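Single-letter residue listing:
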Amino acid sequence: EIFQLMSTMAFSPRVEAVPGAVRVHPAGSIKGAVPLRPGGGPPTLLCGVGPPASVVKPSRPIWSRVVASAAPVIRSKAFQGTSLMLLFVALFLSDAAGCFGFPDDPWNTIQDGMMTLIMAFFTLEMLLTYIVDNSTYNLTSFFLWMDVLGTISMVFEISFMLGDGGEIKTTSSDSASSSAVLLRAARAARLGARAGRITKMFKFLPGFGNDNKEAAPEAEISRLLQAKLSARVAALTILLVVALPMIGLVLPQYPEVDRSMAAWVDSMDLAAKSSVDAAVSRAEDMSDFYAKHNGHYYPFRVEPLGGTHTADLTGWGEYPSPNRLADVLLVSGDNYAVYFDFSVMNQFESGYNLTVTFLVVFVMVLFSFNLSAVLSGLVVSPLERMLTVMRAVTETIYGTMSVLGDDEAVAPGSGSAAPTGKAKLSVLSEVDQLEAVMAKLAKMSKLMVSKTGVGEQELKDMGDEGQGVLAMVDQTLQRREPRARSDVCIAEGLRFTEGKLSVAADVLESWELDVLTLPLMEQKMVAVWAVLDSALGQRVARPHTDADTLVRFMDAVEPQYHDNSYHNFAHGVDVCHTVSRILSAIHAERWLGSVECMAVMIAAICHDVGHPGQTNPFLVETQHELALLYNDKSPLENMHCAVLFKICSKAPTDVFHRLSGEERKAARKVAVETILHTDMAHHFAMLKDLGLMFEMFGAERPKSMTAVEVADYFGTTLQPQDNLLILQMALHTADVSNPLKPFDICHAWADRVLAEFFQQGDKEKELGIPVGFLNDRLKVKKPSSQIGFIEILVAPLVSNVVNLFPSLGDRGSQLVSNVESWAQLWNEETSPDSDDQAKMKARIEKMKGMF
């Protein structure tokens, strides 16, 4: 298309003003090289804007004059309208004559003359179009070859060429069927080639052409789309009409496949050997047969062929001769020739052909209008609106956001400075404008995300004085030491927990550990193992704490947990172990800081320390002292954080004692933020943030990445605030991870959590306050409650986690398995009807679809 536009420009004249005239140089001439004198050098056109007396108009090249003369003719409405009218005549004239039974004399002569003139007109049209629009109408053009085929096919409509008008048809039973199909297919091909011209002819109609010589780019896009689609619609039409005759393979073929005519003629030949009367009798029987069993075609004349057993039966028959010789079928034997009248059948066939022709034209026109409307609605109009809005936005941005420093901007694709402000729009195409706007928006986003306007590298390069100034306005700004990633175990002799646990090592390194079955001392050792002795712990915690301090810390934390059914020390240990499993699965040690990883495991141990066994809404409703202390904002979680750091404030139990001041601040931030986000009030916000993170960083990630490659990928793409979200996700997922473990473990924890809920429900009834949905022991069914808990809260969370970290995909499978087990218990306990069973099945299938 670009080449075609350039070719058009190359053939366009260039205009320059000269005193007294406008000098127009033909394409290819050099500006200023044409002398203003008759016969001197290349021709120059002069259009007077002043006195033209001394100007003589020289002659132009022959080819240019032909093009200039032919272009207005073929592009005129009259010429296009005439071409369209003659096209319809060529399409319908022959079949209309057959359908209405016009006689051969004089109709064949009239038809031949009209078809010859139309063929000559189409030939002239092709020649002129080739001369004028050679850039688009050339030997590689679909429309050119379609026109050539359609024009050549007209020789089959002219009797003195290859047409069959005015001739009596004969048939051979051996090749009748195949000939009929081939003839119809050939005719349909001619029809399609002519009908396909209609899509090209419609360009002269209102709304189809491009009358605006100064058309906008949007209109040019529309024109190109219409031209390309017109060619495809025409090609589709040709294929369609060529295929239509194949229907004849399953329909009766008259007269070609009717063998009765030849059989009757053979019968007459045999009868003639006996006597003439016998032959006459057979002829009468034949007439009666067709009158009785057919009626659509019949014999109207029998003539002798001069055999030894013939008689003159000329003129025999009760039917008149047809008006058209093309309606006569001659069947010859040894002694007699029988003429059959196929007027009715040929009229049917002509009517069928007219119907097919109208149908093809109608479908083609309908598709042309429909595709034009669809493209206008789905492509052109939205594109026009988008470009209009983009231009307005570009003007606004370039006109008002000069503060972003665009003075040094460079035009896309060039090495020179580009105009600034709104003036830049005049030299940029729509695509370049879009690119410039995106670059501008990237600058704006960078300023919005940055708190200080200083990049990370610039911050590192600053001296202490510069960082001190920034710290005055951004109190969260801290001096960060580079985080070293440890890929080797840091061993302090033997593992501290070795020999102190009855649990096998492979169970500790799995999701099958049942903390509830362990005695208190081993529960503490499980927490120590997770933090210090696990493969993860040896990499991230060993450099920052020691085993004796960690054990004293566990001894101090355990008494602070209340003897609740669910929120007890065993739950804290279970969550700590689960956090260790999650961080190991995502290879957190490769891309998250060792201080942060240790901090979230310590936070996991204390994330429910001091829990009274009631929920935040209950504390707020009863105006509990914790709700009053923390202003109803996550009172439990704030209390857990306070207890954790109160324990760490004492030297013997300070697990962070090896950290520097900056590292201690980082650890405290992680512990506080992750514990606060175990409040279910933040659950759905976390789902949104995880989904956004996946769309921004994970959706384009290759699915074939290994777990280590995913870890390294996130290590190079995520920002510090994103890393905090991952740590919050790890603790929150571990806190609700019971459905991710084997069903016996999941079932045991479900019994405990419901028992705690029921105790709060009893208290709510006693105080006369609203009873929570899961707190009424008289209404809640355990299987239903667990399915709802998993469906609404756990499954969406785990789905987002698995999207980010496919290495945790087996947890999704375990979740689905547990849901199915709960559904089986529900079915056994409630005996639901078929409708409820169908609804439950649909819910489970929906959860399966998440993984």
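Below, the structure is looked at part by part.

Cut-off values and rules
Residues numbered from 1 in each chain as written. Predicted model: local features only at pLDDT ≥ 70, side-chain atom pairs only at ≥ 80, totals over all residues. Heavy atoms only, no water. Helix = DSSP H or I, 4+ residues; strand = E, 2+ residues; numbered from the N terminus. Buried < 20%, exposed > 50% of the residue type's maximum accessible area, 1.4 Å probe, protein only. Contact = heavy atoms within 4.5 Å. Areas by Shrake-Rupley, 256 points an atom, 1.4 Å probe, with all protein chains shown as cover. Expected span 1.5 Å × (residues − 1). Arc of directions from axis to C-beta. Salt bridge = Lys/Arg side-chain N within 4 Å of Asp/Glu carboxyl O. Disulfide = S-S within 2.5 Å. Phe/Tyr/Trp six-rings, centres within 6.5 Å; stacked < 30°, edge-to-face > 60°. Lys NZ or Arg CZ within 6 Å of the ring centre and 35° of its normal.

Another aspect to go through is the overall build of the protein. A count of helical and extended segments in the protein gives 31 helices and seven strands. Across the 851 residues of the protein, 45% fall into the buried class. Look at the contacts in the protein between residues 6 or more apart in sequence, and 72% of them connect residues 24 or more apart. Summing over all exposed atoms, the protein offers an accessible surface of approximately 43,700 Å²; the carbon and sulfur share of this is 60%.

The end-to-end C-alpha distance of helix 31 (residues 834-849) is 22 Å, a good match for the 22 Å that 16 residues give at a rise of 1.5 Å each. Residues of helix 31 that are buried include every one of Met840, Ile844 and Met847, and no others. What you see down the axis of helix 31 is that its buried residues fit within an arc of 55°, all on one side. Along helix 31, the residues that are exposed and aim more than 90 degrees away from the buried face are Ser834, Asp835, Lys839, Lys841, Lys846 and Gly849.

What follows is about the environment of Phe789. Tracing the backbone shows Phe789 in helix 29 (residues 782-804). We classify Phe789 as partly exposed; its relative accessible area is 26%. Each C-alpha atom, one on Phe789 and one on Pro739, is 9.5 Å from the other, the two residues being 50 residues apart in sequence. Ignoring sequence-local partners within four residues, the contact set of Phe789 consists of Val736, Pro739 and Val794.

This part takes up the pattern of salt bridges. Within the structure shown, the criterion is met by 15 salt bridges. Note that Lys524 and Asp555 form a salt bridge whose closest N and O atoms lie 2.9 Å from each other. Within this pair, whereas Lys524 is found in helix 16 (residues 520-533), its partner Asp555 is found in helix 18 (residues 547-557), the two being separated by 31 residues in sequence. For Asp555, a relative accessible area of 35% corresponds to the partly exposed category. One salt bridge in this structure joins Arg843 and Glu791, with 2.7 Å as the shortest N-O distance.

Going through the model one piece at a time under the given rule, you end up with zero disulfides. For Cys606, which is in no disulfide, the shortest distance to another cysteine sulfur is to Cys648 and amounts to 6.9 Å. Given the relative accessible area of 0%, Cys606 is considered buried. Looking at the unpaired Cys641, the closest cysteine sulfur is the one in Cys606, lying at 9.6 Å.

Turning our attention to the packing of aromatic side chains. Across all of its chains, the model carries 16 aromatic pairs by this definition. Ring centres of Tyr566 and Trp749 lie 5.5 Å apart, and the angle between their planes is 85°; on these two criteria the pair is classed as edge-to-face. Separated by 183 residues along the polypeptide, Tyr566 in the loop between helix 18 and helix 19 (569-585) and Trp749 in helix 28 (residues 743-767) bring together distant segments of the chain. For Tyr566, a relative accessible area of 6% puts it in the buried group. Overall, the relative accessible area of 0% leaves Trp749 in the buried class. Within the aromatic cluster, the residues linked to one another by ring pairs are Trp264, Phe289, Tyr290, Tyr297, Phe340 and Phe342. Over the aromatic face of Tyr339 sits the side chain of Arg301, whose NZ or CZ is 5.4 Å from the ring centroid. One cation-aromatic arrangement involves Lys500 over Phe496; the distance from NZ or CZ to the ring centre is 4.5 Å.

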